[in-house]
Amino acid sequence: MSPAARVTARGWGWRHGDRPRPAVAGLDLELEPGERVLLLGASGAGKSTLLAGLAGVLGDAEDGDRVGELLVDGRPPEAARGRVGLVLQDPDGQTVLARVGDEVAFGCENLGLPREQIWRRVAEALEAVGLDVPLDHPTSELSGGQKQRLAIASVLAMRPGLLLLDEPTANLDPDGVAEVRAAVERLVAARETTLVVVEHRVETWVDLVDRVVVLEPGGGVCAEGAPDAVLGSRGAELAAAGIWVPGRHPVIARGPRRAAAPELLSAAGLAVGRRRFGERAPRTPVAGIDLAVHAGRTTAILGPNGAGKSTLGLTLAGLLAPVAGELRALPALAGSLGIAPIRWRSRELASRIGTVFQDPEHQFLRGSVREELEVGPRVLRRGDAEVVAIRDRLAERLRLVPLLDANPFTLSGGEKRRLSVATALATTPSVLVADEPSFGQDALTWGELVRLLDELVAEGTALVTVTHDLALVDALADERLVLPGGTREVVR
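Residues numbered from 1 in each chain as written. Predicted model: local features only at pLDDT ≥ 70, side-chain atom pairs only at ≥ 80, totals over all residues. Heavy atoms only, no water.

## Quick word on the overall build of the chain
Working step 1: When you go through the chain residue by residue, the secondary structure sums to 15 helices and 18 strands.
Working step 2: C-alpha extents for the chain along the principal axes are approximately 70 × 50 × 45 Å.
Working step 3: Evaluated residue by residue, the chain yields a buried proportion of 56% over its 492 residues.
Working step 4: By sequence separation, contacts in the chain at least 24 residues apart represent 70% of the contacts at least 6 residues apart.
Working step 5: Placing the 56 positive and 66 negative side-chain charges of the chain at their respective mean positions leaves the two points 4 Å apart. (Helix = DSSP H or I, 4+ residues; strand = E, 2+ residues; numbered from the N terminus. Buried < 20%, exposed > 50% of the residue type's maximum accessible area, 1.4 Å probe, protein only. Contact = heavy atoms within 4.5 Å. Lys, Arg positive; Asp, Glu negative; His and termini not counted. Charge placed at Lys NZ, Arg CZ, Asp CG, Glu CD.)

## Considerations on the packing of aromatic side chains
Working step 1: Taken as a whole and judged by the stated rule, the model has two aromatic pairs.
Working step 2: Relative to W446, the ring of W244 has its centre 5.5 Å away and its plane inclined at 75°; by these criteria the two rings are edge-to-face. Remark: W446 occurs in helix α14 (residues 443-458) and W244 occurs in the loop between α7 (235-240) and β10 (263-274); sequence separation between them is 202 residues.
Working step 3: Residue W244 is classed as buried on the basis of its relative accessible area of 1%.
Working step 4: Taking the relative accessible area as the measure of exposure, W446 reaches 2% and is therefore buried.
Working step 5: When the ring of F364 is compared with that of F409, the centres are 5.7 Å apart and the planes differ by 85°; the resulting orientation is edge-to-face. With a gap of 45 residues between them, F364 in the loop between β14 (353-356) and α11 (369-379) and F409 in the loop between α12 (384-397) and α13 (413-425) connect regions that are remote in the sequence. (Phe/Tyr/Trp six-rings, centres within 6.5 Å; stacked < 30°, edge-to-face > 60°.)

## Re the pairing of strand β16 (residues 462-466)
Working step 1: The element β16 is extensively covered by neighbouring structure, given that five of its five residues are classed as buried.
Working step 2: Side chains A462, V464 and V466 of β16 all project onto a buried face; the interleaved residues L463 and T465 project onto the opposite face, where all are buried too.
Working step 3: Two elements, strand β12 (residues 298-302) and β16, share four bridges in a ladder whose sense is parallel. By the bridge assignment for β16, T299 is matched with V464. (Pairing = 2+ DSSP bridges.)

## Section: the packing of α11 against α12
Working step 1: Put simply, α11 and α12 touch, their axes get as near as 9 Å, and they point 130° apart. When the axes of α11 and α12 are compared, the pair comes out oblique. Between α11 and α12 lies a crossing of right-handed hand. Contact with α11, carried on its side by R370, L373, E374, P377 and R378, involves D384, V387, I390, R391 and A395 of α12 and no other residues of that element.
Working step 2: Of the residues that constitute the contact of α11 with α12, the class distribution is five nonpolar, no polar and five charged. (Axes fitted to C-alpha atoms, helices over the stretch in contact; angles between N-to-C directions. Parallel < 35°, antiparallel > 145°, perpendicular 65-115°, else oblique. Left-handed = near helix turned anticlockwise from the far one by under 90°. Nonpolar A, V, L, I, M, F, W, Y, C, P; charged D, E, K, R; others polar.)

## Points about the pattern of salt bridges
Working step 1: Applying the stated criterion across every chain, the model contains 32 salt bridges.
Working step 2: In this structure, R391 engages D392 in a salt bridge whose closest nitrogen and oxygen atoms are separated by 2.9 Å.
Working step 3: Accessibility expressed as a relative area gives 10% for R391, which makes it buried.
Working step 4: Accessibility expressed as a relative area gives 33% for D392, which makes it partly exposed. (Salt bridge = Lys/Arg side-chain N within 4 Å of Asp/Glu carboxyl O.)

## With respect to the environment of G161
Working step 1: Note on placement: G161 falls in the loop between α4 (144-156) and β6 (162-166).
Working step 2: Separated by 36 residues in the primary sequence, G161 and A125 place their C-alpha atoms 16 Å from one another.
Working step 3: Ignoring anything within four residues of it in the chain, the contact list for G161 reads P3, A4, A5, R83, E192, T193 and T194.

## Describing the sheet that holds strand β8 (residues 211-215)
Working step 1: Pairing is mixed in the open sheet, where six strands are placed in the order β5-β6-β7-β3-β8-β9. A single partner strand is all that each edge strand has here, and the edge strands are β5 (84-87) and β9 (221-225). If you compare each strand with its neighbour and ignore which way they point, the axes differ by 15° on average.
Working step 2: In the sheet, β8 pairs with β9 via four bridges, with the strands oriented antiparallel. Following the sheet pairing, V213 is matched in β9 by E224.

## Comments concerning the sheet that holds strand β1 (residues 7-16)
The strands making up a sheet associate through backbone hydrogen bonding, with each pair oriented either parallel or antiparallel.
Working step 1: Pairing is antiparallel in the open sheet, where three strands are placed in the order β2-β1-β4. Only two strands of the sheet have a single neighbouring strand rather than two, namely β2 (24-31) and β4 (64-72). Averaged over all pairs of adjacent strands, the angle between their axes in this sheet comes to 20°, without regard to strand direction.
Working step 2: Across five bridges, the pairing between β1 and β2 is antiparallel. Within β2, the position partnered with W14 by the bridge is V24.
Working step 3: Each of β1, β2 and β4 is contacted by helix α1 (residues 47-55), which is oriented at about 115° to β1, the strand it contacts most.

Below you can see the structure in the form of structure tokens.
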């Protein structure tokens, strides 16, 4: 393995081409070889931008403006590729090949390693992150959490001198979080890899790192030092700025729930699945589900990665046909339409069931945040004044006003998630099916997002959320459906 990398930033900054303000400015930072750093900051503070800069993937002058110096081992990051491994917030964004084994081997092949060494590393990396699937398993058939494990395994196999992890456990179940954390710990144990990890929930990493660095939104570093010193002596200040400080998490007071709320969706013996390309019959990870979705209530769908949670959510949302059993829309939701949401037209579906996809980018259609927020209301043929009012209300509530002219695909992971929630809410649906709606948020934006969802439920919206965020579940859930097995628990 090559020695650990040194990182140097001198007055470094970057402004995306479609933004009036820099994502990062005036950054001075020195990371010693083998150092382990937890990089914190409010949502949109430039953490992902810094990691992309260190990986040499920000682009050229056509993509944005760069100032100052950012160096890996004294060289520009673009000249140090192969020394740096980056795991992105969105694992789909770095999946290249069709089969799991080939994907993990890809980086090692580019490093020119011998074949026998490559496949030994592939096996070790997959075992380290707990991704127990055949090497020829299609990458397109993995769940979101499994894709995240795959992305981490692909980087671990390369054994980089600088390992950059951007929200690496955001969509993982608890076992997956523990396995990924253990895999990273083993890799950096010998101090032959410098580690920079971005994570809003710091508890997973705080006892592994040497230093905490907190970015100031818009420029520079507002705090750095040993974890205990930064999170202890400045904990109240950082929590007020949105940092997830242990022991200082936001507390959400749940709003009132309706004693007798109409039933909107009913599932009986429901089996769900997706058809793999070239196969006649869909694979069915979830079956025998009995579920009632009521107005003004929240149902949380929980379970390990790969259990079929997202597939069940898409089926409840009318976007996938049931494999077996029955999914009925009740009159309070369907009105004069038929009982099967899968047969409704898109405009009919949009005004009744809104969907927040696990990957925010899968629901973006326009070139600016402003236009994106207007898509749904315009599809429903709202008047111009109403469209603007809906857009501005959601942008204000979810802290998107400064980003209205930005391209949605250039937002940070947390900003993309808030935009995707806002676009689903813009059609004021009676049912909202939200897949991991809270990932990538700092403590302030998490609190605001959860309060908004709670208010909608109190006003009569039915919320179905697929999530690993147990704080979200504790704050909102009236009923929990745990997969596999379909175990139900009503929260009193």
